[in-house]
Amino acid sequence: PILGVSVTYLDVKLNSIRLLTSLNAVENTASNPYLNGSEGQATAAARGMALQKRFFHWFLEFPEIMARGGFDCILGNPPYLGTKHLSGTYGYAFCTYVKWAYAPAGLSDLVAYFVRRIYSLLRPSGFTAFITTNSIKDGDIRRDSLEQVLLQGGSINFVVRGITWPGRANLVVSLVALHKGDWLGKKVLDGKDVPFISTYFEEYEDVGEPLVLNDNSNRVYQGSIFLGDGFLLSNEEADRLIQADLRNREVIFPVINGQEVNNNPEQEPGRSIINFQDLTEQDASTYELLFNIVAEKVKPARFVQKNDNAKRLWWMYYRYSKECYSAIRALCRCFVITRVTKYLNFSNFPTNYVFLNTTYVFTTDRWDLYAVVQSTIHEIWGRKYSMSLEQRLQYSPSDCFETFPFPAGLWQTANPALAAIGECYHEERRVLMRHLWLGLTDLYNLFHNPALTPALVAKISKQPDAIAAAGYQGLLALRTRHRALDQAVLAAYGWGDPSTGSGHALDLDHDFHAIDTLPENDRIRYTISPVARKEVLRRLLALNHERAAAEASVSAAQPKQKRGKRGEPAEVPQLGLFG
């Protein structure tokens, strides 16, 4: 039996599901005791409640199929809804239930639970194929869905990593087919026969997952969520309020978001913002003009929020990220990346800004550490282990920074040579952005274009021919500088120039290469070769495991602290059969 259904509506569209029963090997009403009214009292009561509450159970709707072990094939388009929206849409009880029912699983995405449920409804050797968000191969969504399927003995036998949604929505989706069991037949990845398909949609299998490294903790923070447009000021308003009371400059700051980081050639804040930080209401009220603005423009909006803290602490940011600002307060600079970005780029910023939640802040002023995170070495790790939005990188520090093995000893001892090339790279890029008046994204569109010419630079930058010609040469020089940066980072790992004859040396083979995980019409990048990419990722993962094992050994050797009173066991949700 094959069930083809838009599973978005499975929990609310009982009548629609029943229309599909003619497509399945469910016997007719006359011979089906669950449909002809001859079932037992409890089952009849369950069916009556299902009709009343507009939901159904598979074993009630398709008893013969469930009795024989499940469906041969299920086709679908499961819904997706991210972590932040699950509780607001479905409530706390639902979130608690799915974490319990699909353990081990967190609150990653609704699609993860649908994939797990679909797989459980298949008979042994059954198949499912579905169209879904391309982020199913990323982060917690992958761990909660595909990884669990493979751990239960399933196989991935067909994948198209990314195609544009055929409808009106501007989406990039993946096509995935799973087999319930060990599939020994043909496996196809993006139209090519491959020996294996991993949950990362790669043709090789990694030896385990990357682990969080203690050395990397508390170094990258998401920017602030202020929750209330009334905090924002035009720069002119900010100047006027400071002139009215010079003390106001203590709580008025430049504010920058991800769009300004990526698209503004000068990467300058376009606005200012009121920031009472962690002041008490009484202390904040001493800045009378500013407090009155926030009371008038923010407080009413906060009192319609569901979150109690958002209401109670209405004059403060919803999430200030105090640890971030404390970490950078004494630094001369910090480095910032946009949370969702086409290209991975960190940029130097002053530490007196308020950074918004569309950015992440790397709380260091060291150029050698900047060189590492700006390198292709970190970029390919970030793309593999972070999330994606459409086919842009959605940088996830918990997945790709906290697990990233930096060169040995770099946290403890600075590398002057690496610092010099990192600073030089950043400054050359900064000058080029201003020279051509292009933001980071537009600049790197040209950087990665194999058909780069002075004429193309002039067309994109809208600069005179002489400036465009100089910009063209600057872009070629930036490519050279990027190669040198990557080689310097590689050398810091001890994997340097292959001409040295070292057994650890690696040829990165910089050139224009197609990246399979990017859109078909935009997958050429000036980067390291696919062979080098695979080998770098393999070495980094092995190094991650080595470092994690060393940290675990040190932790195990330390005296254990006396444990306090054991807490109560986690509560298992007590839900009725239909609750």
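Note that the coordinates shown come from a computational prediction; the quantities given were computed from them, not determined experimentally.

**Considering the overall build of the protein chain**
At step 1: Each helix and strand counted, the protein chain has 24 helices and 20 strands in total.
At step 2: Counting every position in the protein chain, which comprises 579 residues, the buried fraction comes to 47%.

**Focus on the state of the cysteines**
At step 1: Taken as a whole, this structure holds zero disulfides when the rule is applied.
At step 2: Cys324 takes part in no disulfide bond, and the closest cysteine sulfur, belonging to Cys334, lies 7.0 Å away.
At step 3: The class of Cys324 is buried, set by a relative accessible area of 1%.
At step 4: Accessibility expressed as a relative area gives 0% for Cys334, which makes it buried.

**Some thoughts on the packing of helix 22 (residues 454–461) against helix 23 (residues 465–493)**
At step 1: At a closest axis distance of 8 Å, the pairing of helix 22 and helix 23 adopts a crossing angle of 115°. Taken together, the axes of helix 22 and helix 23 are roughly perpendicular relative to one another. Between helix 22 and helix 23 lies a crossing of right-handed hand. Each of Pro454, Val457 and Ala458 in helix 22 lies in contact with helix 23, whose residues at this interface are Asp465, Ala468, Ala469, Tyr472 and Leu475.

**Brief notes about unusual backbone geometry**
At step 1: The residue after Ala103, namely Pro104, is reached through a cis peptide bond having omega 0°.
At step 2: Looking at where Pro104 falls in the secondary structure, it is placed in the loop between helix 6 (92–101) and helix 7 (110–120).
At step 3: Its identity as a non-glycine residue notwithstanding, Gln267 has a phi of 50°, on the positive side.
At step 4: By the element assignment, Gln267 lies in the loop between helix 11 (258–263) and strand 11 (271–274).
At step 5: Classification of Gln267 by relative accessible area gives buried; the value is 8%.

**Looking at the sheet that holds strand 13 (residues 340–341)**
At step 1: Ordered in space as 13-18-17, the three strands form an open sheet in which the pairing is antiparallel. At either end of the open sheet lies a strand with only one pairing partner, and these are strand 13 and strand 17 (387–389).
At step 2: One ladder, built from two bridges, connects strand 13 with strand 18 (residues 392–394); its direction is antiparallel. Note that in strand 18 the partner of Thr341 across the bridge is Leu393.

**Examining the environment of His513**
At step 1: Inspection of the secondary structure assignment puts His513 in strand 19 (residues 511–514).
At step 2: Along the backbone, His513 and Pro450 are 63 residues apart, and their C-alpha atoms lie at a distance of 9.7 Å.
At step 3: Residues contacting His513, with those up to four places away along its chain left out, are Arg523, Ile524, Arg525, Thr527, Ile528, Ser529 and Pro530.

**Side note on the pattern of salt bridges**
At step 1: Scanning the model with the defined rule gives 22 salt bridges in all.
At step 2: Through salt bridges with shared partners, a single network forms among Asp140, Arg142, Arg143, Glu147, Glu209 and Asp399.

**With respect to the nonpolar core**
Generally speaking, nonpolar side chains in soluble globular proteins are found buried as a group.
At step 1: With 63 residues, the main nonpolar core has Phe346, Phe362, Tyr395, Phe406, Leu475 and Tyr493 as its most contacted residues.
At step 2: It is helix 23 that provides the largest number of residues to this core, a total of eight residues.
At step 3: In contact with Leu475, other than residues within four places in its own chain, are Leu432, Leu436, Leu443, Leu446, Phe447, Leu452 and Val457.
At step 4: By size, the runner-up hydrophobic cluster in this structure holds 40 residues, among which are Phe253, Phe291, Tyr317 and Tyr353.

**Quick look at the sheet that holds strand 14 (residues 347–349)**
At step 1: One open sheet holds the four strands; their spatial order is 8-16-12-14, and the pairing between them is antiparallel. The sheet terminates laterally at strand 8 (220–222) and strand 14, the two strands that pair on one side only. Strand-to-strand twist of the sheet, defined as the mean angle between neighbouring strand axes without regard to direction, takes the value 35°.
At step 2: Pairing geometry for strand 12 (residues 334–338) and strand 16 (residues 359–362), over four bridges, is antiparallel. Considered in strand 16, the bridge of Val336 is made with Val361.

**Focus: the packing of helix 17 (residues 367–374) against helix 20 (residues 416–436)**
The packing of two helices is summarised by the inter-axis angle and the distance between the axes.
At step 1: Put simply, helix 17 and helix 20 touch, their axes get as near as 7 Å, and they point 65° apart. In terms of orientation, helix 17 and helix 20 fall into the roughly perpendicular class. Crossing of helix 17 against helix 20: the hand is left-handed. Each of Trp367, Asp368, Tyr370, Ala371, Val372 and Gln374 in helix 17 lies in contact with helix 20, whose residues at this interface are Leu418, Ala419, Gly422, Glu423, Tyr425, His426, Glu427 and Arg429.
At step 2: The residue inventory of the contact of helix 17 with helix 20, partitioned by class, reads seven nonpolar, three polar and four charged.

**Remarks on the confidence of the model for the protein chain**
At step 1: Residue-level pLDDT values for the protein chain average 87, and 88% of them are 70 or greater.
At step 2: In the model, residues 5–37 has pLDDT below 50 throughout and makes 63 contacts with residues more than four positions away in sequence or in other chains.
At step 3: Taken together, the stretch residues 563–579 has pLDDT below 50 and engages in 11 contacts with residues farther than four places along the chain or on a different chain.

**Focus: the side chain of Thr199**
At step 1: Within the fold, Thr199 resides in the loop between strand 7 (192–194) and strand 8.
At step 2: Separated by 3.0 Å, the side chains of Thr199 and Arg142 make a polar contact.
At step 3: Here Glu147 takes part through its side chain, which lies 3.0 Å from a polar atom of the side chain of Thr199.
At step 4: In this structure, Thr199 is in contact with Lys137, Arg142, Leu146, Glu147, Leu150 and Ile156, ignoring residues within four places of it in sequence.

**Considering the side chain of Ser529**
At step 1: With respect to the helices, strands and loops of the structure, Ser529 is situated in the loop between strand 20 (524–527) and helix 24 (530–557).
At step 2: Here Ser529 falls in the buried class, since its relative accessible area comes to 6%.
At step 3: Apart from residues lying up to four places away in sequence, Ser529 is in contact with Leu508, Asp509 and His513.

**Things to note about the packing of aromatic side chains**
At step 1: One pass over the full model with this rule turns up 39 aromatic pairs.
At step 2: A centroid spacing of 5.8 Å and a plane angle of 35° characterise the contact between Trp58 and Phe62, whose relative ring orientation is tilted.
At step 3: Relative to Phe447, the ring of Tyr444 lies with its centre 5.2 Å away and its plane at 50°, an arrangement referred to as tilted. Residue Tyr444 and its partner Phe447 are located together in helix 21 (residues 440–447), separated by three residues, close to a single helical turn.
At step 4: Here the aromatic cluster, defined as three or more aromatic residues joined through ring pairs, consists of Tyr200, Phe346, Tyr360, Phe362, Trp381, Tyr385, Tyr395, Phe401, Phe404, Phe406 and Trp411.
At step 5: One residue, Arg142, lies across the ring of Tyr200, its end atom 4.0 Å from the ring centre.

**With respect to helix 21**
At step 1: Burial analysis of helix 21 places six of its eight residues in the buried class, which makes it a mostly covered element.
At step 2: Buried within helix 21 are the following residues: Leu440, Thr441, Leu443, Tyr444, Leu446 and Phe447.

Criteria and thresholds
Residues numbered from 1 in each chain as written. Predicted model: local features only at pLDDT ≥ 70, side-chain atom pairs only at ≥ 80, totals over all residues. Heavy atoms only, no water. Helix = DSSP H or I, 4+ residues; strand = E, 2+ residues; numbered from the N terminus. Buried < 20%, exposed > 50% of the residue type's maximum accessible area, 1.4 Å probe, protein only. Disulfide = S-S within 2.5 Å. Axes fitted to C-alpha atoms, helices over the stretch in contact; angles between N-to-C directions. Parallel < 35°, antiparallel > 145°, perpendicular 65-115°, else oblique. Left-handed = near helix turned anticlockwise from the far one by under 90°. Contact = heavy atoms within 4.5 Å. Pairing = 2+ DSSP bridges. Salt bridge = Lys/Arg side-chain N within 4 Å of Asp/Glu carboxyl O. Core = buried A, V, L, I, M, F, W, Y, C linked by side-chain atoms within 4.5 Å. Nonpolar A, V, L, I, M, F, W, Y, C, P; charged D, E, K, R; others polar. pLDDT = per-residue confidence, 0-100. Polar contact = N/O pair within 3.5 Å; in protein donor to acceptor, adjacent residues only side chain to side chain. Phe/Tyr/Trp six-rings, centres within 6.5 Å; stacked < 30°, edge-to-face > 60°. Lys NZ or Arg CZ within 6 Å of the ring centre and 35° of its normal.

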